[in-house]
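Listed below are the residues making up each chain.
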Amino acid sequence: MVKRDINQDQGDSARAPHRAPFAERDIRVTGRAQLKPLPLRNDELNEAKRLELYRLLVEIRDCEQRAYDLFLQGLVKGTSHLSLGQEAVAAGFAGAMEKGDLSFCTYRGHAHTLARGVPMEKVLGELMQRDNGLMRGKGGSMHLTSVDHGVMGSYAIIGAHLPIACGAAWRAQYKGQKDVSVCFFGDGTTNIGAFHEALNFAVVWKLPVVFVCENNLYMEYTPIGEVTAVQHPAADRASAYGLERIVIDGNDADAVFRAAHAAFDKARAGGGPSLIECMTYRYSGHSRADPAKYRPAGELEDWQKRDPIQLYRSRLLAAGIGEAALKAIEQDSKRKVDAATEACKAAPPSPAEILTTDVYADGGWAWRN
Amino acid sequence: MVKRDINQDQGDSARAPHRAPFAERDIRVTGRAQLKPLPLRNDELNEAKRLELYRLLVEIRDCEQRAYDLFLQGLVKGTSHLSLGQEAVAAGFAGAMEKGDLSFCTYRGHAHTLARGVPMEKVLGELMQRDNGLMRGKGGSMHLTSVDHGVMGSYAIIGAHLPIACGAAWRAQYKGQKDVSVCFFGDGTTNIGAFHEALNFAVVWKLPVVFVCENNLYMEYTPIGEVTAVQHPAADRASAYGLERIVIDGNDADAVFRAAHAAFDKARAGGGPSLIECMTYRYSGHSRADPAKYRPAGELEDWQKRDPIQLYRSRLLAAGIGEAALKAIEQDSKRKVDAATEACKAAPPSPAEILTTDVYADGGWAWRN
Amino acid sequence: MAELTYRDAVARGIAQEMSRDPDVVFLGEDVAKAGGVFKATVGLLEQFGPQRVRDTPISEQAILGAAMGAAMTGLKPIAEIMFSDFLAVCFDYIANEIPKSRYMSNGQVKCPLVIRTGNGAGSRFGAQHSQSVENWAMMIPGLKVVAPSTPRDVIGLMAAAVRDPDPVIFFEHKSLYAAKGDVPDGEIVDHLGTAKIVRPGKDATVLALALMVPRALAAAETLAKEHAIDVEVIDVRSLVPLDLATILGSVARTHRLFTVEENPRLCGWGAELASIAADEAFYDLDGPVVRITTPHIPLPAADNLEDLALPNALRIVDKIRRSLNA
Amino acid sequence: MAELTYRDAVARGIAQEMSRDPDVVFLGEDVAKAGGVFKATVGLLEQFGPQRVRDTPISEQAILGAAMGAAMTGLKPIAEIMFSDFLAVCFDYIANEIPKSRYMSNGQVKCPLVIRTGNGAGSRFGAQHSQSVENWAMMIPGLKVVAPSTPRDVIGLMAAAVRDPDPVIFFEHKSLYAAKGDVPDGEIVDHLGTAKIVRPGKDATVLALALMVPRALAAAETLAKEHAIDVEVIDVRSLVPLDLATILGSVARTHRLFTVEENPRLCGWGAELASIAADEAFYDLDGPVVRITTPHIPLPAADNLEDLALPNALRIVDKIRRSLNA
Ligand SMILES: Cc1ncc(C[n+]2csc(CCOP(=O)(O)OP(=O)(O)O)c2C)c(N)n1
Ligand SMILES: Cc1ncc(C[n+]2csc(CCOP(=O)(O)OP(=O)(O)O)c2C)c(N)n1
Ligand SMILES: [Mg+2]
Ligand SMILES: [Mg+2]
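Since this is a predicted model, take the numbers as computed values, not measurements.

Parameters and conventions
- Residue numbers run consecutively from 1 along every chain, following the written order of its sequence.
- Whichever chain is written first becomes A and whichever ligand is written first becomes 1, with later ones labelled in order.
- Totals for whole chains, interfaces and linings use all residues, but because this is a predicted model, local features are given only for residues with pLDDT of at least 70 and pairs of side-chain atoms are given and counted only at 80 or more.
- Heavy atoms from the whole structure form the basis of all side-chain values; hydrogens and water molecules are not counted.
- Residues are labelled near a given molecule or strand when at least one of their non-hydrogen atoms is within 4 Å of it.
- Polar contact is the term for a pair of N or O atoms within 3.5 Å; when the atoms are in protein, one must be able to donate a hydrogen and the other to accept it, and sequence-neighboring residues count only if both atoms are side-chain atoms.
- For the accessible areas, the method is Shrake-Rupley and the probe is 1.4 Å, while residue cover comes only from the protein chains on display.
- Side-chain classes are defined by residue name, with Ala, Val, Leu, Ile, Met, Phe, Trp, Tyr, Cys and Pro counting as nonpolar, Asp, Glu, Lys and Arg as charged, and the others, Gly among them, as polar.
- In this listing, donors mean N, O and S atoms no farther than 2.8 Å from the metal, or 3.2 Å for Na, K and Ca; water is missing from the atoms, so a site can look incomplete.
- Under the DSSP-based scheme used, a helix requires at least four consecutive residues in state H or I and a strand at least two consecutive residues in state E, with every element numbered from the N terminus.
- Here's how the labels work: a residue is buried when its accessible area is under 20% of the maximum for its type, exposed when over 50%, partly exposed in between, all with a 1.4 Å probe on protein chains only.
- The directions considered for the arc run from the helix axis to the C-beta atoms.
- Two strands pair if DSSP finds at least two bridges between them.
- Think of each axis as a best-fit line through the C-alpha atoms, taken over the contacting stretch in the case of a helix, with angles from 0 to 180 degrees between the N-to-C directions.
- Contacts were defined at the residue level, with two residues in contact if any of their heavy atoms lie within 4.5 Å.
- Throughout, right-handed denotes a crossover for which the path from the first strand over the helix to the second runs clockwise when the strands point away from the viewer.
- A pair of Phe, Tyr and Trp rings is counted when the ring centres sit within 6.5 Å of each other, with Trp represented by its six-membered ring. The angle between the planes then sorts it: under 30 degrees is stacked, over 60 is edge-to-face, the rest tilted.
- Whether a charge sits over a ring depends on NZ of Lys or CZ of Arg being within 6 Å of the ring centre and within 35 degrees of the ring normal.

## What to know about the site of ligand 1
Moving on, step 1. The local shell around ligand 1 holds 22 residues, among which Tyr107, Arg108, Gly188 and Thr189 of chain A together with Glu60 of chain C are the closest.
Moving on, step 2. Close to ligand 1, residues of chains A and C are found.
Moving on, step 3. Tyrosine 107 of chain A is positioned with one of its side-chain polar atoms (N or O) 2.8 Å from an oxygen atom of ligand 1.
Moving on, step 4. In isolation ligand 1 exposes 570 Å². Once the protein is present, 98% of that is buried.
Moving on, step 5. Per-class residue counts for the shell around ligand 1 are 11 nonpolar, 6 polar and 5 charged.

## Some remarks on the coordination of the magnesium ion (ligand 3)
Residues and elements named next belong to chain A.
Moving on, step 1. On the protein side, the magnesium ion (ligand 3) has Asp187 (OD), Asn216 (OD1) and Tyr218 (O) as donor atoms, found 2.0 to 2.2 Å from it.
Moving on, step 2. Sequence spacing of the donors to the magnesium ion (ligand 3): D-x28-N-x1-Y. Of the two residues, aspartate 187 sits in the loop between strand E3 (181-186) and helix H8 (193-204) while tyrosine 218 sits in the loop between strand E4 (209-215) and strand E5 (247-249), which places them 31 residues apart along the sequence. The same class applies to aspartate 187 and to tyrosine 218, which are both buried.

## A few points about the coordination of the magnesium ion (ligand 4)
Moving on, step 1. Within the protein, Asp187 of chain B (OD), Asn216 of chain B (OD1) and Tyr218 of chain B (O) serve as the donor atoms for the magnesium ion (ligand 4), at 2.0 to 2.3 Å.
Moving on, step 2. Going along the chain, you hit the donors of the magnesium ion (ligand 4) in the pattern D-x28-N-x1-Y.

## Examining helix H11 (residues 308-318) of chain A
Residue and element names in this part refer to chain A.
Moving on, step 1. Looking only at H11, the buried set comprises Pro308, Ile309, Tyr312, Arg313, Arg315 and Leu316. The buried side chains of H11 occupy one side of the element, clustering within an arc of 165° when seen end-on.
Moving on, step 2. Where H11 begins, one side-chain oxygen reaches toward the backbone nitrogen of isoleucine 309, 3.0 Å away; that side chain belongs to aspartate 307.
Moving on, step 3. Of the residues one or two after H11, glycine 320 is the one with positive phi, at around 100°.

## As for the sheet that holds strand E9 (residues 196-199) of chain D
All names here are of chain D.
Moving on, step 1. Spatial ordering of the open sheet is given by E9-E11-E10-E13-E14, a layout of 5 strands whose pairing is mixed. Of all the strands in the sheet, just E9 and strand E14 (290-294) have a single pairing partner and so form its edges. Direction aside, the axes of adjacent strands within the sheet are offset by 25° on average.
Moving on, step 2. In the sheet, E9 pairs with strand E11 (residues 231-235) via 3 bridges, with the strands oriented antiparallel. Looking at E11, one finds that arginine 199 is bridged to valine 233.
Moving on, step 3. Packing of helix H12 (residues 313-325) onto the sheet brings it into contact with strand E10 (204-208), E11, strand E13 (257-264) and E14, and relative to E14 it is tilted by some 160°.

## As for the sheet that holds strand E13 (residues 257-264) of chain C
Residue and element names in this part refer to chain C.
Moving on, step 1. Strand order across the open sheet formed by 5 strands is E9-E11-E10-E13-E14, with mixed pairing between neighbours. For this open sheet the edge positions go to strand E9 (196-199) and strand E14 (290-294), each flanked by a neighbour on one side alone. Mean inter-strand twist for the sheet, computed between neighbouring axes without regard to direction, equals 25°.
Moving on, step 2. The sheet contact formed by strand E10 (residues 204-208) and E13 spans 4 bridges and is parallel. Within E13, the position partnered with alanine 208 by the bridge is valine 260.
Moving on, step 3. Helix-sheet contacts for helix H10 (residues 269-280) involve E10, E13 and E14, and the interaxial angle to E13 is about 155°.

## Structural notes on the pairing of E10 of chain D
Residues and elements named next belong to chain D.
Moving on, step 1. Of all 5 residues making up E10, 5 are buried, and the element is well covered by its neighbours.
Moving on, step 2. Burial along E10 is two-sided: the residues Ala204, Val206 and Ala208 and Thr205 and Leu207 are all buried.
Moving on, step 3. Once the chain exits E10 it traverses helix H8 (residues 212-227) before rejoining the sheet at E11, and the crossover so formed is right-handed.

## Re the packing of aromatic side chains
Moving on, step 1. If you walk through the whole model with that rule in mind, you get 40 aromatic pairs over all chains.
Moving on, step 2. Consider the rings of tryptophan 170 of chain B and tryptophan 205 of chain B, whose centres lie 5.2 Å apart with planes at 75°: the pair is edge-to-face. Linking tryptophan 170 of chain B in helix H7 (residues 161-175) with tryptophan 205 of chain B in the loop between helix H8 (193-204) and strand E4 (209-215), this pair joins segments that are 35 residues apart in sequence. Just as tryptophan 170 of chain B is buried, tryptophan 205 of chain B falls in that class too.
Moving on, step 3. Of the aromatic side chains, those joined through ring pairs into one cluster are Tyr6, Phe38, Phe83, Phe86, Phe125 and Tyr177 of chain C.
Moving on, step 4. One residue, lysine 138 of chain A, lies across the ring of tyrosine 103 of chain D, its end atom 4.2 Å from the ring centre.
Moving on, step 5. Of note, arginine 54 of chain C hangs over the ring of tryptophan 205 of chain B, and the distance from its end group to the ring centre comes to 3.6 Å.

See below:
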C-alpha cells in the first residue's frame, strides 16, 4: 500500500502548480513525456530508497549548515560555496547512481560529494584545511575529490569539467563498461564555450554522460536572465545538440531521482547523453563572501516555502512512513555532524612536507635532475 | 520591364528544387518567411545592382583562379584558402553592405576582401608575399586586412573573430553609429566555444552584428555531418540564442543579397543580430596542400552544375540583360587580373627593416629602454 | 592627500579615466550592479550608467573579443577577467589576437585596451584561483604588462594604461586589495615602463613586483638591522616595457642581483630579468644571480601550506644573507 | 635500420605504442580518415580502427578535456592539437586542469596522456600558425615537456611519453616533418629528462631544441672550420624534466653558455636555462650567458622576413664568435 501511494504522489508533485512569485520563471516540467519510454521499475522508488533520499537530504543540509557555522567561527578558511536549498538535486542524482558511476562537480560540490558517501569529516576537514581533509588541505573546498567514491573532482574554472566528463564517458564506452558519468554545473555555466563543445562532442560520440544544470537563477551575483539569450539556459539549448528539452523541479527529490534514473538507463543502453535542467535556489550567498543583497525581497522566503527537505518530509509522512523513522534519520545526522566537527577541530593542520608531494606520479615535484 | 522580371525570378530560384545528389543534405530555404517583415525595396535589386553582383562574382572567380595558377607556378607562398565555388556568398553580402559596414573574415577571406573593393594587386601581392601586398607580406594570405575598405581583418584561429565582431558592433551601438558588423565563418566553426559565447553575447546585448555561416559541407577534410550533432550546424542552433532559423541557397547571389539586406535592415533598426547559414561548396581543396580526395565521386561535378556564376549569368540573360554587358564585365575582369599579376611579379620582396615595425603603436618593437 | 585602499584605488583610477574620455567603457562579470566580486568597481555603474559599465555573461572569450573589436573601432575598453587564472579560458585573445593584430595588419589595426585581473595568492583559494601569471603575458610579443604594488600606483598606472595606444594587461594583486596608502588629490597619471627604487641600498639589488614589494622591503629592513646588509629594492612595476636603465643601473652599483617573484619557478619574469643581467651585466656581477620564487608546484589551499609556498620576508632574508656571505 | 622521415616517425611511434597497449587511443581534428593535415598519422585508422583513432569536431577544449577524463579513468590518450598556436584556445586544460588535478586531489587523480602538436616556424603561415610555444608549457607546474629533433627521437620520446604516468606535451616541429634520419628496427623507447650531447666541444656550450639543433650543429661546423672555435652542442630534448646534470656538466667544462631558441625573446626556455646557469654555474662562467632567440615580435608571413626572424646558422656563428672574442 505504502509503495503505491508513494509512486502516485510523485506524479502529483511534478504537476503541482508553482506559487505566484515563480510564475515568471515558470518551472515547466516538459521532460516528463520523454521519461515515459523508460518508466521507473516499480521497485526503484520503494520505501528504503525514499528513506535513503531523505537521509541524504538531511545530512547534506546539516553538514552545509555546520560549514556555515564554522565559517562564522573563523574555522572554515578560504572560500566555500554552499548548496543549502539545492539538496534535492544532489540527493536525487546520487540516489539514482550506482557504485562505479562517476560524479564531476563544481566548487559548489560539497553536497554532491557527501551524497556519494564521502564521510562528513573528510569534507569538513578539507573546508577547515586540516590534515584529516579529503585532500589534506591541498585542494580546498572548491576541489573536493574522492576517487574511491566516484567523485572524480570538483572544478573551479567554469565549464571545464563538462569535456572532462565526456572523456570519462568515452573510456566507459571504449572499454564496454556500464558506468555513467554525471556532470553537475550551474545556470551561469551554460554561457561559456566549453559547455557548447562538450554537448556537441558528447552527442556526436554518443557518450554515456548526463549533464545536470542546477539552475539556481543566479551566476555569482547577476540574475541569469540578464545575461542569457533564452529563458532556460540549459534546456532551451538542448535542441542545438539534437537533445530533448528537459526541465524538472529541482526541489523535488523524487522528480530528480526519476529524471536521473531515466537518463542513466538511456546512457547505459547506449542511447547517449542527456541534459537536465533542475530549477532550484540557493539560500545563502554565492560564496562565503556574499551577503546576497541583490535578491529581490521575498524571493528567498518564497523558495523556502518549497524547501526540498520539508517538502520531502511531508510527502513521506503522507505516504505513511512513520515520524519515528524520519526522526531517527535526523538525529543520526546531527550526531554525525557533531562527531565530524569534533574530529576536525582536533585534527592538526597539514604538515609542511606535503607542500611538494604529488605534483608528479613519482610522488614528488622534481622537474630536474 | 526588365526590372520586374528580375525581381520575379529571384523567388523562382529560391524555390527551385535541388538535384538528387543534394537530397540528403537538402537545402531548405526556411529563412524566406522570416524575410517577409522586411521586404526588399523595389529599387534594391535593380539592373545596376545586379550587374555589380555579377562583376563581383566574376572578379572573385578570376582572381581566385589566378591565385591557384600562381601557386602552381610556385609564386604564391605559404598557404592559401580559395573560395572558388563560394563566390555568391561574398558577392551577395558585400553587394548589400554600405560604406562603413565592417567585414570580419577567416583565412578563407580573399573573396570577402576583394568584394569590399580592395584592389586585386593588393590581395595577390600579399599572397605572393611581396612588398606591394596589402600588409607588405607581414600578415600573409590568412590575415588579409584593409581597414580603409572596412575589412577589419581575417582571422586564422577558428571562431576567434565572432566575439571580435561583437565588439565592433558594440562600438556602433554605443556611439549611435549605423554601421553593421558582418562576420563570415565556416560550418566547422560552429562547434567551437567562441561561436557559442559570441552568439549569446550578441543577442543579450542586442548588437548590430550579422553572423554568416558558409556551409561548404566540410571542415578541413572531415564532412561536417560526421562531427556535428545537428544537420544544419548554424541554423539548427539559432533557437539556442532566441534567433530565427535561416538557411539560404549560398550559390544564388540574389538569395544571398536579399537575406543580407534583411539582416542589415534589422540590425540598423536596433533589432539585434542574425545568423544566416548559406549552403555552398568549395571547388578546390581546403588549402593549397589539399587535393580533396575525401570527396565522394560526382559531388564536385554536381555542385558545379549549380555554379554561382553560370547560374547568375543565365538569370541575367533571361531577365533581358544583354550578352554584351556581361562580356564587358568578363573582359574587364581578365584585364584587371592580368594587370594585377604583372604588377605583383614586378614587385620587390618586403624589405628587411619592416620585420620589426608596428609591433607597438609607436611603430617599433622596443619592449625595453 | 588621502588614505585609500588599493581596492578603492581601482575604482578611482577607472573613474578618473571614464570621466575624462567618453570612449572609455568597462565590462566584465558582476562588475556593474554588484561592483565586482572584489568590490573594486563599486560605484562605477551609478556614476557612468549602464551603457558604459556593463555586466556580461560568464563568457571570457566574448569579453576579451568584444573588448578587442571595440578597441579596433574607436573605443577604449577596460575589461575585467575576474581571476587571472581565467586568462587561460580566453588565452587565444591574450596570445594570438589582441597582441598580433597590429603587426599582422602592418599597422592598420590598433588595439588600445586594458585587461585588468585579480592576480596572486594569499586568499587560500587553491590551485585554480591563486596563481601569479604575469609571465603568461610577458612572454607574448605585442602586449604591455604592469602590476602595481600601491594604491597610488594603481591609479597612476591605470591612467597610463588606459591612455596608452597599445593593449595593456593590468595585474591587481588580490592580497593587496585591503592594503592602504596615501594618494594625492586630483588627477594622477603615471608612466608605463618605469621601475621605482623604493629603497636605496648598496650591497645588492632586489627586484620585486606587486605583493612581493612589501615583502622585499620588510626583508631589507631585517637585513639592514640584523645583518648589516644594505640592499636596494626596486619595484619593477612594469614588465613590458621594462625599465632596464634603472634595473641594470642599480646592478652596476650593487654588483649583486636577486629577484623576488610569485611566479612558479620555471620561465617566470625573474628568469627573464636574471638572464638579461647574466648577459648584459655579467662583468658587473660579483656573485650568482639568485631567483627567489614560488616553487614549481600548483598552489595548495591550506593557509599554512600556501604561506610556505610564497616567498616571504624570512626566506628572502635567508637567501640573500647566505648568498652574500657565501 | 631504415631511413625514415620525422613525419613517418610520428605515425610509427604512435603505432608502436598502440600495438603494445590497447588502452592507448588517439583523437584529434582530421587525424583519422585524412591521416592528419601534416600527414603524420596516415595509416593509424586502418591499423587500429575507428574506436581507437577518432576524428573530432573543431573543439579543442573538448579534445583535451576528453583526453583528460579518459586518462583519469584508465585510458592513455594521445590528443593532437593541430598547430601549437591553438593551445591558446584550450589553454585552461594545459594550465589549470591537466597539470593540477593530481596535486589538488592529493595524489588521487592521475593524468597519463600525451598532447602532440605541430610547433614552430618556417612554413610562411604567419603569426597565428608559426609560433614556437614550448615555454607556454614549461612554465606550468605539473606538465612534462619534450621536443624531439630527429626521427629516432620522435619514436623513442613518443614511447617514453605514452608510457609516462604524467601528462606530456610533445612538440613536433613542422619544419622537421620532411627531415630524414636513420632509425633502428624494432621497438624504440627513450627516456624523458635526458639531454644529448650531439657534438662534443670545449670552448662553449650551446643548448638547442628541435629545429634549432641542426642549425646549431651547422653553426658549430662553421665555427670550427672558419674560426677555430670548438663548441659543444646539446640537444636539450626534454624541458621538463630537465637534464641539468648534462647541461651544467658541460658548462663546467666549457665555461661559456649560449642558448639557441625559437621562442620569442621574453620568458623563453632560454631565459630559464640561462638564469639557472647564472645562479648555479656562476663561478664556472668565463663570460656572459648569451641567448640567441627569435626577436620579441609576432612572426611575419613573408619568407624572407620569417627567415630573418628565426635564429639561423649565420646568426649563431656571429653571436658566438663575437662573444667569445670580446
Ligand atoms: C571561467 C570562469 N569564469 C568565472 C568564474 C568565477 N565564477 C565562479 S562561480 C561563478 C558563477 C557561476 O554560476 P553558475 O554556473 O550559475 O553556478 P552557481 O554558482 O550558481 O552554482 C563565477 C562567475 C570562474 N570560476 N571561472
Ligand atoms: C582553433 C583552431 N582549430 C583548428 C584550426 C585548423 N583549421 C583551419 S581551417 C579548419 C576547418 C574550418 O572549417 P570551416 O569552419 O567549415 O571553414 P572552411 O575552411 O570550410 O571555410 C581547421 C580545422 C584552426 N585554424 N583553429
Ligand atoms: Mg547559478
Ligand atoms: Mg567548411
